[in-house]
Amino acid sequence: MLLTKRDIQLAALASASVLTVSVWSLQFQTPPGLLLSSGVIFLILLITILGCYRGLIRAIRFYSEKEFAVDHKRLEELILLTSAVTPAVPFPPMRGFAISPDFGNILAREIMHRKPRLVVELGSGVSTLISAYCLRRLGAGRIVSLEHDANYARASRESVAAHGLQDLVTVRHAPLVPVPLNGRRWTYYDPACFQDLSNIDLLVVDGPPASVQEMARFPALPLFFEKLSPGAVILVDDASRPDESEMLRLWQERYPQLSIQRIATEKGTALLSFQAA
Ligand SMILES: C[S@@+](CC[C@H](N)C(=O)[O-])C[C@H]1O[C@@H](n2cnc3c(N)ncnc32)[C@H](O)[C@@H]1O
């Protein structure tokens, strides 16, 4: 804990003293009286600040170091990413809903290493662009990106075109519909929008958004498992969230032939691959 019990006691004592002096000072209507009471209040506050000084410095140092470490890591990952992938126009911001730069680097590394012929992505965005740039460098492969939001699908298509990657990418609008699975009714990408896909070498799980339902992304593996190629890998973003941790635990139980490697990234990453026989 950053504030010690002593800091809190001191702050409480100071507040009580300021209150008492303020009430006491109400009786002084003359300038010297008001000056005296203001001086007393100032003195109490000064003593309190000095008393809490160590705690304040500790708190400032803790938060600034933590923030600095995160910014430094993001910057480093962004530099690494743009040395692996050179975008024709700037990438969209890699914050909020988008993947973080460290996930982008893992995605780029896996694509350059495994040379997938078919990448299927759940949730379009900057990850679509990174994957396409890697496939362009490799000179083979294509991406199908499923997007539940029609407006976002349009924006993603525009972004893909702005980067000149439309020959490698298909952004499919796949609305969320009720999907029965394991005795539960899920809300998931319409299976009719991906029934034609097979031999998927890389499945990127980054949608639908968590707000859709509890364990929103669980149906991905049950619905795509039969569509994976024999050496396929699955990349899961946001793996440190409680829902995704539970999803990965259930997937592991259900598909023991898959091994899960957890990678410590800003939002948590899991890389699933088939264990060697
Ligand atoms: C985690 S995001 C997918 C991010 C994507 N893989 C990327 O790298 O940018 C999952 C879904 O959230 C939606 N989304 C993206 N940005 C959003 C925003 N700023 N506000 C609300 N929804 C958003 C999109 O429909 C997207 O498919």
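Residues numbered from 1 in each chain as written. Predicted model: local features only at pLDDT ≥ 70, side-chain atom pairs only at ≥ 80, totals over all residues. Heavy atoms only, no water.

A. Looking closely at the pairing of strand E6 (residues 200-205). Burial analysis of E6 places 5 of its 6 residues in the buried class, which makes it a mostly covered element. Across 5 bridges, the pairing between E6 and strand E7 (residues 228-236) is parallel. What sits directly across from Leu202, in E7, is Val233. (Buried < 20%, exposed > 50% of the residue type's maximum accessible area, 1.4 Å probe, protein only. Helix = DSSP H or I, 4+ residues; strand = E, 2+ residues; numbered from the N terminus. Pairing = 2+ DSSP bridges.)

B. The site of the ligand, seen in detail. Surveying the vicinity of the ligand reveals 15 residues, the closest of which are Phe97, Gly123, Ser127, Glu147 and Asp206. The backbone of Gly123 places a nitrogen or oxygen atom 3.0 Å from a nitrogen atom of the ligand. Here the ligand, which alone exposes 580 Å², has 79% of that area covered by the protein. Of the residues belonging to the shell around the ligand, the class tally is 6 nonpolar, 5 polar and 4 charged. (Near = heavy atom within 4 Å. Polar contact = N/O pair within 3.5 Å; in protein donor to acceptor, adjacent residues only side chain to side chain. Areas by Shrake-Rupley, 256 points an atom, 1.4 Å probe, with all protein chains shown as cover. Nonpolar A, V, L, I, M, F, W, Y, C, P; charged D, E, K, R; others polar.)

C. Molecular detail of the pairing of strand E4 (residues 176-181). Pairing of E4 with strand E5 (residues 184-189) involves 6 bridges; the strand directions are antiparallel. In the sheet register, Leu176 faces E5, and the bridge partner there is Tyr189. Counting the residues that bridge the hairpin from E4 to E5 gives 2 residues, and of these Asn182 lies at a positive phi of roughly 50°.

D. Fine view of the packing of aromatic side chains. Under the definition given, this model contains 6 aromatic pairs. Taken together through their ring pairs, the aromatic side chains of Phe225, Tyr255 and Phe274 make up a single cluster. Sitting over the face of the ring of Trp186, Arg184 holds its NZ or CZ atom 3.6 Å from the ring centroid. (Phe/Tyr/Trp six-rings, centres within 6.5 Å; stacked < 30°, edge-to-face > 60°. Lys NZ or Arg CZ within 6 Å of the ring centre and 35° of its normal.)

E. How the structure looks around the domain arrangement of the protein chain. One can read the domain layout of the protein chain as domain 1 (5-75) and domain 2 (95-274). Taking the mean C-alpha position of each, domain 1 and domain 2 sit 51 Å from one another. (Domains from an automatic or database assignment.)

F. Region of the structure containing the sheet that holds strand E3 (residues 169-173). Strands sit in the order E3-E2-E1-E6-E7-E9-E8 across an open sheet of 7 strands; the sheet is mixed. Sheet topology places E3 and strand E8 (258-263) at the edges, where each strand pairs with a single neighbour. On average, each strand axis in the sheet is tilted by 20° relative to the strand beside it, whichever way the strands run. Two strands pair when backbone bridges link them, and strand E1 (residues 118-122) and E6 are joined in this way by 4 bridges, in the parallel orientation. Bridge pairing links Leu122 to Val205 in E6. (Axes fitted to C-alpha atoms, helices over the stretch in contact; angles between N-to-C directions.)

G. Molecular detail of the packing of helix H1 (residues 5-25) against helix H2 (residues 31-84). Running from N to C, H1 and H2 point in directions that differ by 170°, and their axes come no closer than 10 Å. In terms of orientation, H1 lies roughly antiparallel with respect to H2. For the pair H1 and H2, contact is made by Arg6, Asp7, Leu10, Ala11, Ala14, Ser17, Val18, Val21, Ser22, Trp24 and Ser25 and by Leu36, Ser37, Val40, Ile41, Ile44, Leu45, Thr48, Gly51, Cys52, Gly55 and Arg58, respectively. Counted by class, the contact of H1 with H2 contains 12 nonpolar, 7 polar and 3 charged residues. (Parallel < 35°, antiparallel > 145°, perpendicular 65-115°, else oblique. Contact = heavy atoms within 4.5 Å.)

H. Structural detail: the side chain of Asn105. For Asn105, the location among the structural elements is in helix H3 (residues 101-114). For Asn105, a relative accessible area of 15% gives the class buried. Within the structure, the side chain of Asn105 is placed 2.7 Å from the side chain of Glu77, a separation counted as a polar contact. Ignoring any residue separated from it by four or fewer positions in sequence, one finds Asn105 in contact with Glu77, Leu80 and Leu81.

I. Inspection of helix H4 (residues 126-138) at higher detail. Between the first and last C-alpha of H4 there are 19 Å, a value that for 13 residues agrees with the 18 Å anticipated at 1.5 Å per step. Burial analysis of H4 places 10 of its 13 residues in the buried class, which makes it a mostly covered element. Those residues of H4 lying buried are Val126, Ser127, Thr128, Leu129, Ile130, Ser131, Ala132, Tyr133, Cys134 and Leu135. Those residues of H4 that are buried lie in contact with H2, H3, E1, strand E2 (142-147), helix H5 (150-162) and E3. (Expected span 1.5 Å × (residues − 1).)

J. Examining the layout of surface pockets more closely. Roughly 360 Å³ of internal volume is contained in the largest pocket. Surrounding the largest pocket, 24 residues form its lining, Phe97, Ser124, Tyr152, Asp206 and Pro209 being those nearest its centre. In terms of residue class, the lining of the largest pocket is built from 9 nonpolar, 7 polar and 8 charged. Quantified by volume, the second largest pocket comes out at close to 160 Å³. Pro92, Gly125, Val126, Tyr152 and Ser156 are the residues nearest the centre of the second largest pocket, which is lined by 13 residues in total. Looking at the lining of the second largest pocket, the elements with two or more residues in it are H4 and H5. (1 Å grid on protein atoms, 1.4 Å probe; cavity = no way out; pocket = protein on both sides within 12 Å on 5 of 7 lines; lining within 4 Å. Points joined across faces, edges and corners; volume = space filled by probe spheres on them.)

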